[in-house]
Amino acid sequence: MADAFDLVVIGAGPGGYECAIKAAQLGLKVACVEKRDRLGGTCLNVGCIPSKALLHASELFHEAGANFADMGIEVSKPKLNLKQMLAFKDEAIDGNTKGIEFLFKKNKIEWVKGEGQIEGPGKVKVGDRTLEAKNIVIATGSGVAKLPGVDIDEKTIVSSTGALELGKVPGKLLVVGGGVIGLELGSVWGRLGAEVTVVEFLDNILPGMDGEVVKNFTRTLKKQGFSFKLGTKVTKVEKQKSGLKVTVEPAKGGDAEELEADIVLVAIGRVAYTEGLGLDKVGVATDKRGRIEVDASLKTSADGIYAIGDVIAGPMLAHKAMEEGVALAERLAGHYGAVNYDVIPGVVYTSPEVASVGKTEEQLKEAGIEYNSGKFPFTANGRAKANKTTEGFVKILADKKTDRVLGVHIIGVNAGEMIAEAAIAMELSASSEDIARMCFAHPTMSEAVKEAALAVTGAPIHM
Ligand code: FAD
Ligand code: NAI
């Protein structure tokens, strides 16, 4: 019975690998099927990790050219070695994916290399092997959403994957979609010298984010050189002798316009990936958007088959997939496990960063929940002044009756780190007064969180 397991996980992205590791730590015999030649899924191979490596390197490149002299650091104009920057990114992928391989070995998880297909209840076929499993977890993630009529060749018309690999800095980069990928990867190439235009179907970028943050952030990106065509759709991309001709139209109808670009990045969302899994053979139901349907315990419509991460509904974020993987493993091993979907932070790793957790003002208004809002700008924060990183603010939204914190929205340098303290507060059902009465180290950017909390029902000290 060498091929019999307590748990077979299909897909070794953040959801799948964390589920496998937790289950093994809790004593289950686990196999994880992964068809890529590295573990770590989209996130480690073509997503979170490589994009953050390029964001980091390109930000330092830009900083060295723009702000070092102000601090008395005199360097000659930085010169881009793109090949080396891409190698730096590849090293980050290598280090992280090898780390997961090490953790699999340490926890005695078998990595079954190849494409998994569910053959029947408790059976997963991989090549000529059939794995038997008491439970199966589908963690196959997502793929790039296609723009009808626009063929991605990953050379001049690219998805995020191609945009992490461009051989030279494009003169003109046209991004279709003003979401997280478009703004992060647009920032990378913009800092390296590309002229970036974002074409967004809706009237605002980052749909779903707090409106005040979006307004402020749009202004910041424009200052950085981004051009936006909002309320606009791309209808055609044609290859020319040199470059691309992009036809756009107002989303609500109107006259078409032609734009030129060297590279077009299609970043209009991602779709659940279930190709070749054999879901119909075992009666696993999907919704209208192709996502696997699960109940509150992450069980699909078929007994013994569960699903987590991007392949089910909810935010397509690595840490959401991870939390689901761990909670599910805990339950399958006979313990308690749960995900608090009300407290899942989201971060856009641009400069400054944008981070949020909980409800936006728009969501609270729509739900008819009365709230108080406290805001504190980084222009009044000592550390931010010392570092000359005064852009942005912290905003805390708290229930008018109970003062319980319902949402926190930050735009500013290191907002992605600061949002963790807001998430802890919310997870522990803190009130804004609880945060306001805490002692924060000085001087830190985080003091703006305390000051925003003070502003919810009273007044901040430094304003
Ligand atoms: P995935 O990571 O997609 O992993 C699924 C794995 O399953 C893949 O490796 C695939 O090869 C494998 N697979 C699929 N079918 C089979 C099969 N039949 N047999 C065997 N293997 C199979 N999220 C964040 O939280 N923070 C970020 O900063 C961030 N940055 C991103 C940047 C980019 C450019 C992109 C594209 C995404 C980013 N994301 C980020 C989103 C994040 O990558 C996903 O939310 C996360 O990877 C989802 O994890 P998952 O485990 O559900 O699936
Ligand atoms: P997204 O859903 O964030 O944004 C897509 C944008 O494209 C939206 O603003 C949408 O209105 C627009 N759009 C859709 N169709 C369009 C069309 N035809 N023309 C013009 N605009 C159109 O999707 P994105 O940026 O592709 O990212 C995919 C997923 O990856 C997201 O769900 C995100 O959560 C995840 N991700 C997370 C990151 C992070 O956490 N920092 C970084 C990168 C990706």
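As a convention, each chain's residues are numbered from 1 in the sequence order in which they are written. Just so you know, chain letters begin at A and ligand numbers begin at 1, following the order they were written in. Under the rules for a predicted model, residues below a pLDDT of 70 receive no local features and side-chain atom pairs below 80 are neither given nor counted, while totals for whole chains, interfaces and linings still include all residues. As a convention, hydrogens and water are excluded, and side-chain values are obtained from all of the structure's heavy atoms.

Quick notes on the overall build of the protein
Here is step 1: For the protein, the count of helices and strands is 14 helices and 22 strands.
Here is step 2: The dimensions of the protein, computed from C-alpha atoms along their principal axes, are 65 × 65 × 50 Å.
Here is step 3: Burial status follows relative accessibility: with a 1.4 Å probe on protein chains alone, a residue under 20% of its type maximum counts as buried, one over 50% as exposed, and anything between as partly exposed. Looking at the protein residue by residue over its 463 residues, the buried ones come to 50%.
Here is step 4: Of the contacts formed within the protein by residues at least 6 apart in sequence, a portion of 62% connects residues at least 24 apart.
Here is step 5: Under the convention used here, a 1.4 Å probe and the Shrake-Rupley method define accessible areas, while residue burial counts only the protein chains that appear. If you sum the accessible surface of the protein, you get close to 22100 Å²; carbon and sulfur atoms cover 52% of it.
Here is step 6: Side chains of the protein carry 55 positive and 61 negative charges; the gap between the two charge centres is 2 Å. The numbering of helices and of strands both runs from the N terminus, where a helix is a DSSP run of H or I of at least 4 residues and a strand a run of E of at least 2. Pairs of residues are marked as contacts when any of their non-hydrogen atoms sit within 4.5 Å. His is not counted here, nor are the chain ends, while Lys and Arg score as positive and Asp and Glu score as negative. Every charge is mapped to an atom, namely NZ of Lys, CZ of Arg, CG of Asp or CD of Glu.

Quick word on the side chain of Thr 389
Here is step 1: With respect to the helices, strands and loops of the structure, Thr 389 is situated in the loop between helix H11 (382–387) and strand S21 (393–399).
Here is step 2: Note on Thr 389: relative accessible area 19%, which makes it buried.
Here is step 3: For Thr 389, the residues in contact, after removing those within four places along its chain, are Phe 378, Ala 384, Val 413 and Met 445.

Some details on the site of ligand 2
Here is step 1: For this purpose, a residue is taken to be near a molecule or strand whenever a single non-hydrogen atom of the residue falls within 4 Å of it. Around ligand 2 there are 22 residues in total, and Ile 181, Glu 184, Glu 200, Gly 269 and Val 347 lie nearest to it.
Here is step 2: Phe 201 has a polar backbone atom sitting 3.2 Å from a nitrogen atom of ligand 2.
Here is step 3: Taken by itself ligand 2 offers 840 Å² of open surface, and the protein chains cover 78% of this.
Here is step 4: Residue contributions to the shell around ligand 2 peak at three residues, all from helix H6 (residues 180–191).
Here is step 5: Any residue that is not Ala, Val, Leu, Ile, Met, Phe, Trp, Tyr, Cys, Pro, Asp, Glu, Lys or Arg is counted as polar, Gly included; the first ten are nonpolar and the last four charged. Its residues assigned to classes, the shell around ligand 2 shows 14 nonpolar, four polar and four charged.
Here is step 6: As used throughout, domain bounds are those supplied by an automatic or database domain assignment. Counting the residues that make up the shell around ligand 2, at least three belong to each of domain 1 (3–143 + 271–332) and domain 2 (157–268). What qualifies as a polar contact is a pair of N or O atoms within 3.5 Å, subject to a donor-acceptor requirement within protein and to the restriction that residues adjacent in sequence count only when both atoms come from side chains.

Some thoughts on the sheet that holds strand S18 (residues 346–348)
Here is step 1: If you trace the five strands from one edge of the open sheet to the other, you get S18-S19-S22-S21-S20, paired in antiparallel fashion. Two strands lie at the open edges of the sheet, namely S18 and strand S20 (371–377), each paired on one side alone. Between one strand axis and the next, the sheet turns through 10° on average, direction left out of account.
Here is step 2: Any two strands with at least two DSSP-identified bridges between them are counted as paired. Pairing of S20 with S21 involves seven bridges; the strand directions are antiparallel. Bridge pairing links Tyr 371 to Asp 399 in S21.
Here is step 3: For every element, the axis is a line fit to its C-alpha atoms; helices are fit only across the contacting stretch, and the angle between N-to-C directions ranges from 0 to 180 degrees. Helix H12 (residues 415–427) contacts S18, strand S19 (353–358) and strand S22 (405–412) of the sheet and is inclined by roughly 10° relative to S19.
Here is step 4: On the sheet, helix H14 (residues 447–457) packs against S20, S21 and S22 and is oriented at approximately 140° with respect to S20.

A look at the state of the cysteines
Here is step 1: By disulfide we mean two sulfur atoms from cysteines, separated by a distance within 2.5 Å. In the structure shown here, the tally under the stated rule is one disulfide.
Here is step 2: Between Cys 43 and Cys 48 runs a disulfide, and the two sulfur atoms are separated by 2.2 Å. Torsion about the S-S bond of the Cys 43 and Cys 48 cystine: about -130°, corresponding to left-handed handedness.
Here is step 3: Its sulfur unpaired, Cys 32 is 8.6 Å from the next cysteine sulfur, which belongs to Cys 19.
Here is step 4: The class for Cys 32 is buried, based on a relative accessible area of 0%.

Section: the pattern of salt bridges
Here is step 1: Salt bridges are defined as contacts in which a side-chain nitrogen from Lys or Arg sits within 4 Å of a carboxyl oxygen from Asp or Glu. Scanning all chains against the criterion turns up 22 salt bridges.
Here is step 2: Across the salt bridge formed by Glu 361 and Lys 365, the nearest N and O atoms sit 4.0 Å from each other. In this pair, Glu 361 and Lys 365 both sit in helix H10 (residues 361–366), four residues apart, roughly one turn of the helix.
Here is step 3: The salt bridge partner of Glu 361 is Lys 395, with a shortest N-O separation of 2.6 Å. Pair noted here: Glu 361 is in helix H10 and Lys 395 is in strand S21, with a separation of 34 residues, a long-range link. Taken as a pair, Glu 361 and Lys 395 share a single burial class, namely buried.
Here is step 4: Shared partners join several salt bridges into a network, and the residues in it are Asp 210, Glu 212, Glu 361, Lys 365, Lys 375 and Lys 395.

Brief notes about the environment of Gly 193
Here is step 1: Positionally, Gly 193 belongs in the loop between H6 and strand S10 (195–199).
Here is step 2: When the C-alpha atoms of Gly 193 and Ala 459 are compared, they prove to be 43 Å apart, with 266 residues separating the residues in sequence.

Points about H12
Here is step 1: Here H12 spans 18 Å end to end across 13 residues, near enough to the 18 Å set by a 1.5 Å rise per residue.
Here is step 2: Those residues of H12 that are buried lie in contact with S18, S19, S22 and helix H13 (432–436).
Here is step 3: Following H12 by one or two positions, Ser 429 has its phi on the positive side, about 55°. In a helix, the anticipated span is given by 1.5 Å times the number of residues less one.

What about the domain arrangement of the protein?
Here is step 1: In terms of domain boundaries, the protein breaks down into domain 1 (3–143 + 271–332), domain 2 (157–268) and domain 3 (346–457).
Here is step 2: Put simply, the middle of domain 1 and the middle of domain 2, counted by C-alpha atoms, are 27 Å apart.
Here is step 3: At the interface, 17 residues of domain 1 touch 14 residues of domain 2.
Here is step 4: Here's the idea: put two parts together, see how much 1.4 Å probe accessible area each one loses, and the total over both is what we call buried area. Here domain 1 and domain 2 share an interface that buries about 1200 Å² over both sides, 68% of which is from carbon and sulfur atoms.
Here is step 5: Scanning the region where domain 1 abuts domain 2 turns up two salt bridges.

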